[in-house]
Amino acid sequence: MWGSMKVNSLSFPHPILGSNDDMTGSYEIDGPHVSRAVDKIKITIGHVLRNLDIQYYLDNGDAEFMVEICCPKTFFRKAYFSSTTSHTIEIPENLLRDQVLVDFYAVARRGIRDFHPKTAHNDYGVYKFNLNKGDVLAYAGNTQFSAPKQWLASDAVGNFMEIIDGRFRTGPMKIELSCEKISIQLSTTDYDAYSLLQKSGRFDNLFHSAIVLPALLYAVVQFIEAEEQFEVFAWASVLKDKRQNDAVLSKSVWSAENAPTIAQQILGNPVNRMFVTITEIAENCNG
């Protein structure tokens, strides 16, 4: 089940700061402050702890801060640790999509014997506890944020499509949609030829029409007919954003019958650009 662990609803054998009134003091978070850096999402967090007992274990290296980040849309979940109050996390942006859930803890870095914090509630009396690595010492609650989507607004085809070596010797190109980008897989023979010609940039308009357009057309049809199947992938998020926010595409009819027009609009009339490029090449050859 995706979601945050509700510490207050769980019963722990030992006192935890932030769980009801188990311990006095506080553990709060400054942030998280979320920004985008190149192709990563940067999350900056400040751990604000006011409890001498847990601070003692942090100073001795017996405890550390833990931030758990999970994204239901991409099935990403990972814990990040820090021994200092300043905590910076960088995650590749293709691993986060839409809503991102974050929980904040202080946990045992190693086993702790005879845990008996002086700030614990009187109900715990003289009891001492043996903690294992990973046991929770403090909880600062949870929050959520929306992953930055600046990349969606870009018209660069490379943001959501790629041409790669399919690792098969010869034969027709293949199109793979079960990945972050629409993956156009060429045979090794064709990819070698493409790589050689692509270096000059002279034939980009031809590639857009001959290779990219049919692949995008196929992707648009699949997106229209089975959006839920592909919504976890970045390329589908791009199409969804264009359908909702693009000045032209938001007014288009998104149907399988209209997919050829939609694909050409996304690529900026690639057929026309192809003929312009062919004309220029022909004129140069005749000149």
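This text gives an overview of the structure that appears in the document. Quick caveat: nothing in here was measured; it's all calculated off a predicted structure.

Broken down by element type, the protein chain carries seven helices and 12 strands. Rg of the C-alpha trace for the protein chain: 27 Å, well past the compact-globule value of 19 Å for 287 residues, more than 25% over. Its C-alpha atoms put the protein chain at 95 × 40 × 30 Å along the principal axes. In the protein chain, which comprises 287 residues, the proportion classed as buried is 43%. Restricting to contacts in the protein chain with at least 6 residues of sequence separation, those with at least 24 account for 61%. Working note: accessible area of the protein chain is about 15500 Å², and carbon and sulfur atoms make up 49% of it. Taken together, the 27 basic and 34 acidic charged side chains of the protein chain have centroids lying 3 Å from each other.

The next thing to look at is helix α7 (residues 270–286). Here α7 is 17 residues long and its end C-alpha atoms lie 24 Å apart, about the 24 Å a rise of 1.5 Å per residue gives. Along α7, the positions that sit buried rather than exposed are Pro270, Arg273, Met274, Thr277 and Ile281. All buried residues of α7 lie within an arc of 105 degrees about the axis, which places them on one face of the element. α7 presents Glu283 and Asn286 as exposed residues on the side facing more than 90 degrees away from its buried surface. Tucked into the core, α7 has its buried residues touching α3 (204–225) and α6 (259–266).

Turning our attention to the nonpolar core. Across soluble globular proteins, nonpolar side chains show a tendency to be buried alongside one another. Counting residues in each nonpolar core, the largest one holds 35 residues, and the members touching the most others are Ile43, Ile54, Ile69, Ile89, Ile91 and Leu96. Every residue in contact with Ile89, bar those within four places of it in the chain, is listed here: Ile41, Lys42, Ile43, Ile45, Val67, Ile69 and Tyr80. In terms of nonpolar packing, the next biggest core, distinct from the first, is built from 32 residues, Phe160, Leu186, Leu249 and Ala263 among them.

Take unusual backbone geometry next. Cis peptide bonds are those with omega within 30 degrees of zero, and the linkage from Gly31 to Pro32 qualifies with 0 degrees. Relative to the helices and strands, Pro32 is located in strand β1 (residues 26–37). Phi at Asp114 is positive, roughly 55 degrees, even though this residue is not glycine. With respect to the helices, strands and loops of the structure, Asp114 is situated in strand β7 (residues 112–115). Accessibility expressed as a relative area gives 45% for Asp114, which makes it partly exposed.

To continue, consider the sheet that holds strand β12 (residues 182–186). Strand order in this open sheet of three strands is β10-β12-β11, and the pairing throughout is mixed. One side of each edge strand has no neighbouring strand; the edge strands of this open sheet are β10 (161–165) and β11 (174–176). Pairs of neighbouring strands in the sheet enclose a mean axial angle of 25 degrees, with direction left out of account.

Below, the discussion takes up the packing of α3 against helix α5 (residues 234–245). Relative to each other, α3 and α5 sit at 75 degrees, their axes nearing to 11 Å. As judged from the angle between their axes, α3 and α5 are roughly perpendicular. Counting all contacts with α3, which are made through Leu216, Ala219, Val220 and Phe223, the residues of α5 involved are Trp235, Ala236, Leu239, Lys240 and Arg243. Its residues placed into classes, the contact of α3 with α5 shows seven nonpolar, no polar and two charged.

Criteria and cut-off values
Residues numbered from 1 in each chain as written. Predicted model: local features only at pLDDT ≥ 70, side-chain atom pairs only at ≥ 80, totals over all residues. Heavy atoms only, no water. Helix = DSSP H or I, 4+ residues; strand = E, 2+ residues; numbered from the N terminus. Rg over C-alpha atoms; globule rule 2.2 N^0.38 Å. Buried < 20%, exposed > 50% of the residue type's maximum accessible area, 1.4 Å probe, protein only. Contact = heavy atoms within 4.5 Å. Areas by Shrake-Rupley, 256 points an atom, 1.4 Å probe, with all protein chains shown as cover. Lys, Arg positive; Asp, Glu negative; His and termini not counted. Charge placed at Lys NZ, Arg CZ, Asp CG, Glu CD. Expected span 1.5 Å × (residues − 1). Arc of directions from axis to C-beta. Core = buried A, V, L, I, M, F, W, Y, C linked by side-chain atoms within 4.5 Å. Pairing = 2+ DSSP bridges. Axes fitted to C-alpha atoms, helices over the stretch in contact; angles between N-to-C directions. Parallel < 35°, antiparallel > 145°, perpendicular 65-115°, else oblique. Nonpolar A, V, L, I, M, F, W, Y, C, P; charged D, E, K, R; others polar.

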